[in-house]
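Given next are the chains, with one letter for each unit.
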Amino acid sequence: MIAPIGVAFAVGLLGWVYQALKPSPPKICGSANGPPVTSSRVKLNDGRHLAYREFGVPKEEAQCKIIMCHGYNSSKDMYLPASQEFIDELKLYIVLYDRAGYGESDPYPARSVKSEAFDIQELADKLHLGTKFYVIGCSMGASSVWSCLKYIPDRLLGASLVVPFVNYWWSSVPSALSLQTFRRLPQSYQRTYRIARYTPWLYHWWMTQKWFPTLGADGMFCDSDLEILKRLSGCLNHEQEKVTQQGKHESLNRDMLAILGAKWEFDPILDLSNPFPNNDGSVHLWSSSEDHVVPIELNRLIAEKHPWIQYHEVPDAGHLIIHDAENFEAIIRALLAR
Ligand SMILES: *[C@@H]1O[C@H](CO)[C@@H](O)[C@H](O)[C@H]1NC(C)=O
């Protein structure tokens, strides 16, 4: 009698573990039980859709065309603090898109840092932006810009990485420096990043369990970030409820796993070279002195190794500089300067 009960128990336990480790299927936009499609989308050659939002002047009138990549837990509907005067002065056209799995863009289980560049290239082509365009990436969205610098440099007019997220396991970063900056993160972040890195199969379960904290906002925002949040009534995105509507695994978790959990196809220090040897474009990296999310030292190191990157360090600012009008304008003007 004992053996069958034991077997039944073991099978039940395995079943439970399997359920806990396996993410539920995504709710794909436009499918029978998924959210509706409400945004413009392009269809990529592999059948996936990318949703986008155009911002600024109509693209036919634009003097500069910029593709912008949002960060973690954000989307194409991120808040941009651009005044109408500023938009008109520069005849600015920005297209923001939901990175794969976010908002209304189809999930892409095979996504990686490399695939981001090709999503951007296809988006540009489907929208007829021309042979060359600018790119800006924010925080985790900056990895898409590193990807563009590596894989489609000849499509770029300029690139800007704003408070770019880092991978603590890039082989080019001295391990003492990685470790020192990693240890400054809250324990809950260290644990979560380690799980993403070493046991990615456990990551979905980890992000759904309620016993241990994971990636909370506590302590991640400096005073100037909190001021920006207050100014915007906590609303950094016009459609926050849509950001993860297809499933947190398809959006947040895959983002983290692609950028932190997996080995990059290239190393931003070892494997990049100046995309503008003739000086017909520029690359900018923006860091903030009070950023608690991204360690400034790692980005400083990348900029030091690449003299062709123009490095900007904003004093008394934190992770949310893109949402601050003054910094936003500075970022755009630097990118477009000739
Ligand atoms: C995503 O952002 C929203 C709004 O700021 C916040 O309420 C939510 O906790 C965030 N989710 C994660 C997983 O960070």
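From a predicted model like this one, the values you see are computed outputs, not experimental measurements.

Undergrad: How should the overall build of the protein be read in this particular structure?
TA: What the protein contains, in helices and strands, is 12 helices and eight strands. Overall size of the protein, expressed as C-alpha extent along the three principal axes, is 80 × 50 × 40 Å. Relative to its 338 residues, the protein shows a buried fraction of 55%. Only carbon and sulfur atoms are counted for the fraction: they give 56% of the accessible area of the protein, which is about 15400 Å². Distance between charge centroids for the protein: 7 Å, based on 33 positive and 37 negative side chains.

Undergrad: Where do I start with helix 12 (residues 325-336) in this structure?
TA: For an α-helix the count is 3.6 residues per turn, leaving residues at separations of three or four pointing the same way. Between its first and last C-alpha, helix 12 extends 17 Å over 12 residues, near the 16 Å set by a 1.5 Å rise per residue. Along helix 12, the residues classified as buried are Asn327, Phe328, Ile331, Ile332, Ala334, Leu335 and Leu336.

Undergrad: What is the right way to read the packing of helix 3 (residues 113-126) against helix 4 (residues 142-151) from this model?
TA: Axes are the key here: two packed helices are described by the angle between their axes and the distance separating the axes. The interhelical angle for the contact between helix 3 and helix 4, taken along N-to-C directions, is 80 degrees, at an axis separation of 8 Å. Judged by the inter-axis angle, helix 3 sits roughly perpendicular to helix 4. Along the contact surface, helix 3 presents Val113, Lys114, Glu116, Ala117, Phe118 and Ile120, while helix 4 presents Ser143, Ser144, Ser147, Cys148 and Tyr151.

Undergrad: Explain the nonpolar core here, please?
TA: In a soluble, globular protein the nonpolar side chains are often hidden away together inside. If you look at the biggest cluster of nonpolar residues, it comprises 94 residues, and the most contacted ones within it are Ile67, Leu92, Ile94, Trp146, Tyr193 and Ile332. Sequence-distant contacts of Ile332, that is, excluding residues within four places in its chain, are made with Ile66, Phe86, Leu90, Leu92, Ile94 and Ile136. Residues Ile228, Leu232, Leu236 and Leu320 belong to the second largest nonpolar core, which totals five residues.

Rules used in this analysis
- Residues numbered from 1 in each chain as written.
- Predicted model: local features only at pLDDT ≥ 70, side-chain atom pairs only at ≥ 80, totals over all residues.
- Heavy atoms only, no water.
- Helix = DSSP H or I, 4+ residues; strand = E, 2+ residues; numbered from the N terminus.
- Buried < 20%, exposed > 50% of the residue type's maximum accessible area, 1.4 Å probe, protein only.
- Areas by Shrake-Rupley, 256 points an atom, 1.4 Å probe, with all protein chains shown as cover.
- Lys, Arg positive; Asp, Glu negative; His and termini not counted.
- Charge placed at Lys NZ, Arg CZ, Asp CG, Glu CD.
- Expected span 1.5 Å × (residues − 1).
- Axes fitted to C-alpha atoms, helices over the stretch in contact; angles between N-to-C directions.
- Parallel < 35°, antiparallel > 145°, perpendicular 65-115°, else oblique.
- Contact = heavy atoms within 4.5 Å.
- Core = buried A, V, L, I, M, F, W, Y, C linked by side-chain atoms within 4.5 Å.

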